[in-house]
Amino acid sequence: MASLSGLYSSSPSLKPAKNHSFKALPAQSRDSFSFPHTSKPTNLPLTLSSARSVARDISHADSKKELLKDPDALWKRYLDWFYQQKELGLYLDISRVGFTDEFVAEMEPRFQAAFKAMEDLEKGSIANPDEGRMVGHYWLRNSKLAPKPTLKTLIENTLDSICAFSDDIISGKIKPPSSPEGRFTQILSVGIGGSALGPQFVAEALAPDNPPLKIRFIDNTDPAGIDHQIAQLGPELASTLVVVISKSGGTPETRNGLLEVQKAFREAGLNFAKQGVAITQENSLLDNTARIEGWLARFPMYDWVGGRTSIMSAVGLLPAALQGINVREMLTGAALMDEATRTTSIKNNPAALLAMCWYWASNGVGSKDMVVLPYKDSLLLFSRYLQQLVMESLGKEFDLDGNTVNQGLTVYGNKGSTDQHAYIQQLRDGVHNFFATFIEVLRDRPPGHDWELEPGVTCGDYLFGMLQGTRSALYANGRESISVTIQEVTPTSVGAIIALYERAVGLYASIVNINAYHQPGVEAGKKAAAEVLALQKRVLSVLNEATCKDPVEPLTLEEIADRCHAPEEIEMIYKIIAHMSANDRVLIAEGNCGSPRSIKVYLGECNVDDLYA
Ligand SMILES: O=P(O)(O)OC[C@H]1O[C@H](O)[C@H](O)[C@@H](O)[C@@H]1O
């Protein structure tokens, strides 16, 4: 790799060494695999293990893929497939994905069917058949699309109330009952999954340096994490607006976060209801709680908006508006992209182009991961956001015909050029199990703020060079990539890229024949967690009974399992004991948690009224 000298020079006057362009290494034809440049002699015959690694690296489908190397041919391909949405200033370059014309032709019928399904979806079809629901996130940014006038009105009124409420909070017209600042200064968002990832991505991408209210998140049931957020608020808890977000209104982690925060309010002598806001479905447990307790405000969520596509509902819009972000511009950007991705011409539909590239690169079965690399700090959370949007939508066991397909598309990444100093080594030279997506932002700094750290070279030029260099280096070694370019990070462009990927996921789901809009696998995890907690209560009940004896009767794991009538659960019982012992909730009479065979435990004290029955 060429050195970027001058990067570390203390005196900016040092001229960087001539910036070597990344010389395209001779393409290693897939068939004549040879060892990469290592210190070891490279003329050794392929050993069995190295042959296996070669095989692992080149699935049959891939071996047919030859990437263009000739610069003229590449430039022609770049121009042939270059897409731009002019009004948004958004470009899409798929020239570094090696799909063939035959492939495009083969996919045409599937895409036409996908376009029809998407058209029906927007008209209000039951596009989520497993849950018998409509899929309406596109209506949120164009209420005229809503299939019923009542929905149109609901969408419009909700947006207006979000903006009005946020204005009143920011202006201080609505203020906390007892805060030294005399106005709300903080937002504490309590929510998880789609009720956190969207707000977190938007905050990181678009919050101004000094927002009217600063946001922080409780997005897990980790007591230490909750304590940390509350401790950081300190006395500002009195000027904190707590926004509790849960579409279902019953997610355990969110409920726990709420209860913990309400405890903190009580201990601080504050009235939570005067600072609490709920975003949830009407008549959910959370909605009823907020209504009965008289919280400051409630905003609706709808069953026809999934958690992972809720960013343009109150879930994403209220936290954003409270930070002074122009949510109407976000909606406009999304609506413009929605219009662009309605065309039934693959070549003119950026979402179809993405879906087509994903299918080509991962053989339509997720055989390669999607590495998302925004070269912009503020877009750091885009890949985390896409992990839910893509993987919760596409990671499905069955297709729409009930066949077992175990579909999916794995997403990871953080930001460039930072990630070049972490795992890009493997991407460039290691196992070939990915394709990259670069998110390029052309504007480095607001106009008039740029500065040359070397003659003719700015920081942003380095970032640009690192992106282009990495793209070239990966491609030179046969690694495919997509590039999405936006002019700058604004509410409009963020709305647009969100809409782009929402549509691409929907189209891709259609062409692989799965339901993108339910999440049965999540329920399995939730159910299993509930069973662990039920077992824990039985363990505590058994220990309580033994502790109430005189003298106390410490029990072995076998005795506990036997008295719980769950001998098959002895390992989980051991884990429960170890966790509770570490938190001083179970005492050890003999042995220690590292020796499950000989440990004997009891409770710290007898609860005559068995609290755990
Ligand atoms: O918003 P909630 O109902 O609390 O759900 C929060 C999250 O829960 C589950 O994990 C779902 O799979 C997600 O799609 C959802 O975003």
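Residues numbered from 1 in each chain as written. Predicted model: local features only at pLDDT ≥ 70, side-chain atom pairs only at ≥ 80, totals over all residues. Heavy atoms only, no water.

### A short note on the environment of Asp609
At step 1: Assignment of secondary structure puts Asp609 in the segment after β16 (600-602).
At step 2: Assessed through its relative accessible area of 60%, Asp609 is described here as exposed.
At step 3: Placed 64 residues apart in sequence, Asp609 and Glu545 show a C-alpha to C-alpha distance of 10.0 Å. (Helix = DSSP H or I, 4+ residues; strand = E, 2+ residues; numbered from the N terminus. Buried < 20%, exposed > 50% of the residue type's maximum accessible area, 1.4 Å probe, protein only.)

### Here we look at the site of the ligand
At step 1: Close contacts around the ligand come from 13 residues, with Gly194, Ser195, Ser246, Thr251 and Glu392 the closest.
At step 2: Within the side chain of Ser248, one N or O atom sits 2.7 Å away from an oxygen atom of the ligand.
At step 3: The contact in question runs from an oxygen atom of the ligand to an N or O atom on the side chain of Gln388, over 3.2 Å.
At step 4: Protein coverage of the free-state accessible area of the ligand, which is 390 Å², stands at 88%.
At step 5: Here the shell around the ligand is composed, by residue class, of two nonpolar, nine polar and two charged. (Near = heavy atom within 4 Å. Polar contact = N/O pair within 3.5 Å; in protein donor to acceptor, adjacent residues only side chain to side chain. Areas by Shrake-Rupley, 256 points an atom, 1.4 Å probe, with all protein chains shown as cover. Nonpolar A, V, L, I, M, F, W, Y, C, P; charged D, E, K, R; others polar.)

### Structural notes on the pattern of salt bridges
Oppositely charged side chains can form a pair if their charged atoms are brought close together.
At step 1: Enumeration over the complete set of coordinates arrives at 21 salt bridges.
At step 2: Asp338 is the salt-bridge partner of Arg141, the closest N and O atoms lying 2.6 Å from each other. A residue pair is termed long-range when its members are at least 10 positions apart, and Arg141 in the loop between α4 (101-122) and α5 (149-171) and Asp338 in helix α11 (residues 327-340) qualify at 197 residues.
At step 3: One salt bridge in this structure joins Lys415 and Asp377, with 3.2 Å as the shortest N-O distance. (Salt bridge = Lys/Arg side-chain N within 4 Å of Asp/Glu carboxyl O.)

### Describing the UniProt feature "active site" in the protein chain
At step 1: Per the UniProt record, the feature "active site" sits at Glu392, His421 and Lys526. Spanning 135 residues, the named residues do not form one spatial group; their C-alpha atoms are separated by as much as 36.7 Å.
At step 2: Topologically, Glu392 is positioned in helix α13 (residues 382-394).
At step 3: For Glu392, a relative accessible area of 22% puts it in the partly exposed group.
At step 4: Excluding anything up to four places from it in sequence, Glu392 contacts Arg308, Gln387, His518, Gln519 and Val522.
At step 5: At a separation of 2.8 Å, a polar atom in the side chain of Glu392 contacts the side chain of Arg308.
At step 6: Position of Lys526 relative to the elements: it lies in helix α17 (residues 520-547). (UniProt positions renumbered as here; feature names shortened; annotations may be inferred. Contact = heavy atoms within 4.5 Å.)

### Notes on the sheet that holds strand β9 (residues 411-412)
At step 1: With mixed pairing, the six strands of this open sheet are ordered in space as β1-β2-β13-β10-β8-β9. Where the open sheet ends on each side, the last strands, each with one partner, are β1 (83-85) and β9.
At step 2: As paired elements, strand β8 (residues 369-374) and strand β10 (residues 434-441) share six bridges and run parallel to each other. Of the residues in β10, the one forming a bridge with Met370 is Phe435.
At step 3: Its contacts with the sheet place helix α16 (residues 491-511) against β2 (90-93), β10 and β13 (481-486), and it is angled at close to 150° to β13. (Pairing = 2+ DSSP bridges. Axes fitted to C-alpha atoms, helices over the stretch in contact; angles between N-to-C directions.)

### Thoughts on helix α8 (residues 252-267)
At step 1: End to end, α8 covers 22 Å across 16 residues, agreeing with the expected 22 Å (1.5 Å per residue, within 8%).
At step 2: Turning to α8, its buried residues number three or more, namely Thr254, Gly257, Leu258, Val261, Gln262, Ala264 and Phe265. All buried residues of α8 fall inside an arc of 155° around its axis, so they share one side. For α8, exposure combined with an orientation more than 90 degrees from the buried face picks out Arg266 and Glu267.
At step 3: Those residues of α8 hidden inside the fold are in contact with β3 (186-190), β4 (214-218), α7 (223-233), β5 (240-246) and α9 (285-292). (Expected span 1.5 Å × (residues − 1). Arc of directions from axis to C-beta.)

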